[in-house]
Amino acid sequence: MVVNNNEEFIEYINKNAAEFRTDIPVILAGECSDDTLDLDFASDENGILAVQFHSADLSYDNIKGVYALINVGYYPSAYIINAYKTGDASALDSDNLAVYNKAVDFLENKLDKNAADIVKEKQIHDYICDMVTYYTNDNDEYTYDNIPRYRTATGAFLDGSANCMGYTDSFYMLCKMAGFEIGKVSGDEAMKHIWNVITLDNKKYVVDVTWDDDGYQNSSGNNSNNRYTYFNAALDVISQEYRYDSDNYLMKQVVQTTDENYFYGVNNSDFGYMTNSYDEFYNKIKQLIENGETAIYIACKNNVVAGDTNDMANKIFERIDGNISLSGSFTTISGYSFAYISVE
């Protein structure tokens, strides 16, 4: 196959990847060469994990160009998603079949299929956070044909342990199987992180299950209270922490500011609450406590409302009549304040 530009190259690779081909020959001609080629073409739709590029300048059959062989490796989840889509799991190896069976059990018996999409998304998010503990010793190199388990859904589902690649792959896999439009985005060399971008109501949002998991945040591995800072986050939430290629086609489509699909923008007790000022933040907490809420997720937009968790607790106690016990957490990100409050 002769390709004359980068667009033709990506289309050709993805066509072959849809059939899970691991060795893809190609001739780069015209505007396409190994110097101008964008090798960052991994297709989320086809689950490409890594590639290896071999090339030589040759002339054959009156075609002058770069004769290349692309070795392609796939996430195990790509085979699992395909098996679920086709209804044929017969080609899966033992590990992939075990992951497949566990994923299907969740989708068929635990996921509320009649719920709104954002509720189903939260159920998938929480399932992964409850199941997985962050794998800290992730210094292993990987190639297209040798990927450590903890970097994939295999480690998350079968070992209960994964790094950001495994968390992201797990969320991607379950969301794809549940019918969501979802992709993956990798940070730049300085960040070395990966997260998901999901589509709801024709709008795109960042979801970072790794950073939302208390198992990642706490060295004890306790992940009984999931965090939701990066659940359908907009660019204004992640702007100070995330580093990525400014030309990334998914990130260019992510919404600019938080809206009703952000976890804290839903504004009900099953999700979280968004406030817009210091007084509104503490008045809302007071109202929720007086209404009997025992687990409160609340944020304040463009305001730092406390110095730390103890400072926040003292400000709450100043407004509450009665004997209560509070625990929780408080953090500030990109000018937002985020709090989780447990009331006893």
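Residues numbered from 1 in each chain as written. Predicted model: local features only at pLDDT ≥ 70, side-chain atom pairs only at ≥ 80, totals over all residues. Heavy atoms only, no water.

Participant: Before we move on, can you summarise the packing of aromatic side chains with the specific residues and values?
Facilitator: The description of an aromatic ring pair uses the distance of the two centres, along with the angle that the planes make with each other. Inspection of the entire model under this criterion finds 26 aromatic pairs. With centroids separated by 4.9 Å and ring planes inclined at 90 degrees, the aromatic side chains of F281 and Y282 adopt a geometry described as edge-to-face. Here F281 and Y282 have matching classes, each one buried. Grouped by ring-pair contacts, the aromatic residues Y228, F231, Y262, F263, Y264, F271, Y297, Y336, F338 and Y340 constitute a single cluster. When the ring centre of F271 is taken as reference, the NZ or CZ atom of K122 above it lies at 5.9 Å. Between the NZ or CZ atom of K184 and the centre of the ring of Y75, over which it lies, the distance is 3.4 Å. (Phe/Tyr/Trp six-rings, centres within 6.5 Å; stacked < 30°, edge-to-face > 60°. Buried < 20%, exposed > 50% of the residue type's maximum accessible area, 1.4 Å probe, protein only. Lys NZ or Arg CZ within 6 Å of the ring centre and 35° of its normal.)

Participant: Can you explain the sheet that holds strand β7 (residues 181–186)? Please cite residues and give values.
Facilitator: Taken together, the four strands give an open sheet; going across it, the order is β7-β8-β9-β10, and neighbouring strands pair in antiparallel fashion. Of all the strands in the sheet, just β7 and β10 (231–233) have a single pairing partner and so form its edges. Strand-to-strand, the axes of this sheet are offset by a mean angle of 40 degrees, without reference to chain direction. Looking at chain direction, β7 and strand β8 (residues 194–200) are connected through six bridges and run antiparallel. Residue pairing across strands places K184 opposite N196, the latter belonging to β8. Seen against the sheet, helix α4 (residues 117–131) touches β8, β9 (203–207) and β10 and runs at an angle of roughly 115 degrees to β10. Helix α6 (residues 164–177) contacts β7, β8 and β9 of the sheet and is inclined by roughly 20 degrees relative to β8. (Pairing = 2+ DSSP bridges. Helix = DSSP H or I, 4+ residues; strand = E, 2+ residues; numbered from the N terminus. Axes fitted to C-alpha atoms, helices over the stretch in contact; angles between N-to-C directions. Contact = heavy atoms within 4.5 Å.)

Participant: Quick rundown of the environment of N268? Include the residues and the values.
Facilitator: For N268, the position within the fold is in the loop between α9 (235–238) and β11 (273–275). Judged by relative accessible area, which is 31%, N268 ranks as partly exposed. Along the sequence, N268 and Y297 sit 29 residues apart, while their C-alpha atoms lie 9.5 Å from each other. Side-chain polar atoms of N268 contact the backbone nitrogen of D270, separated by 2.9 Å. (Polar contact = N/O pair within 3.5 Å; in protein donor to acceptor, adjacent residues only side chain to side chain.)

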